[in-house]
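# Structure assessment
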Amino acid sequence: MPEGHTLHRLADDLSTAFAGTSPRVSSPQGRMSEAAALVDGTELESASAHGKHLFLDFAGDRVIHVHLGLIGKFTLTPFAPPTGQVRLRLANDETAADLRGPQLCALRTPAEVSAQVAKLGPDPLRTDADPELAWRKIQRSGKPIAALLMDQSVLSGVGNVYRAEVLFRNRLSPMTPGNQLRRQSWRAIWSDLVELMPIGVRDNRIDTVRDEHTPEAMGRPPRRDDHGGEVYVYRRNGMDCLVCGREVRTQLLEGRNLFWCATCQRRR
């Protein structure tokens, strides 16, 4: 599932292509035909994201709410006739943005969007985010911090990659219960996310290694992975830790693979 930086990058790209204009909106697949007709030819005022949710705000208090889920794709290409199962299309004479396979695509009112956002935790990529909202939930929970970081009602936009990497970078055991985490540690996690996630938006990939652990600095080959980016532990199970040389571990936690270094991440 795409992490929050992907949705923010997508919102920026959609805004660049269509904000302030009145794109043609259609549903070639047919499943969104009625909703598309209501916003077709009206001004797209803005595109924004909160965590893994994308919102397209049209004039007339109409909002298209998208959640890509596991297989959804929203791609921008030079204009050409649609192909395949396109749930929703925004287009002008130069650009087409095609949505395929989303978990959710629905027409909402601003009040419904506000209600949805109220259920979500703060998003490190938003300037209006309040990390204290997440901290209050974390300190009341006995769940491992690795599980809480993935809970979108606690924190928005963080997925499996950022979860594993910020815990490693802060040398925290992923099994530390939320109610045993120190406030100082939470502030460090939040600050790290606020630093790393905008880089993901800018570069459209996740890089988390510090300068001294890059391939160039260590004289090692670049990472080859379809997720891209240089990371410390994510999907590096069985490989040597870039810092201590011990084997990176993995285990299943609440249905998702967790990656960590037991030597570097001893702190609770």
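Residues numbered from 1 in each chain as written. Predicted model: local features only at pLDDT ≥ 70, side-chain atom pairs only at ≥ 80, totals over all residues. Heavy atoms only, no water.

### Things to note about the UniProt feature "domain: FPG-type" (unreviewed entry) in the chain
As annotated in UniProt, the feature "domain: FPG-type" (unreviewed entry) corresponds to residues 232–266 in the numbering used here. With 0% helix and 29% strand, the stretch residues 232–266 has end C-alpha atoms that lie 16 Å from each other. (UniProt positions renumbered as here; feature names shortened; annotations may be inferred. Helix = DSSP H or I, 4+ residues; strand = E, 2+ residues; numbered from the N terminus.)

### Considering the domain arrangement of the chain
When cut into domains, the chain gives domain 1 (2–116) and domain 2 (129–259). One C-alpha centre belongs to domain 1, the other to domain 2, and the line joining them spans 30 Å. Across the contact, nine residues belong to domain 1 and 16 residues belong to domain 2. Interface area for domain 1 against domain 2, summed over the two sides, is near 900 Å², with a carbon-plus-sulfur share of 56%. Ranking the residues of domain 1 by area buried against domain 2 places Glu3, His5 and Arg9 at the top, with a combined share of 65%. The interface formed by domain 1 and domain 2 contains zero salt bridges. With five residues, the top contributor of residues to the side of domain 1 that touches domain 2 is helix H1 (residues 4–18). (Domains from an automatic or database assignment. Contact = heavy atoms within 4.5 Å. Buried area = accessible area lost by both parts, 1.4 Å probe. Salt bridge = Lys/Arg side-chain N within 4 Å of Asp/Glu carboxyl O.)

### Describing the nonpolar core
Ranked by size, the top nonpolar core spans 42 residues in total, and within it Trp186 and Ile189 carry the most contacts. Within the residue set of this core, elements represented by two or more residues are helix H4 (131–138), helix H5 (145–148), helix H6 (160–169), helix H7 (183–203) and strand S10 (256–260). It is H7 that contributes the most residues to this core, seven residues altogether. In contact with Ile189, other than residues within four places in its own chain, are Ile145, Leu149, Val166, Leu167, Asn170, Leu172 and Leu181. Counting residues in hydrophobic clusters, the runner-up holds 25 residues, among them Leu10, Ala11, Val39 and Leu90. (Core = buried A, V, L, I, M, F, W, Y, C linked by side-chain atoms within 4.5 Å. Buried < 20%, exposed > 50% of the residue type's maximum accessible area, 1.4 Å probe, protein only.)

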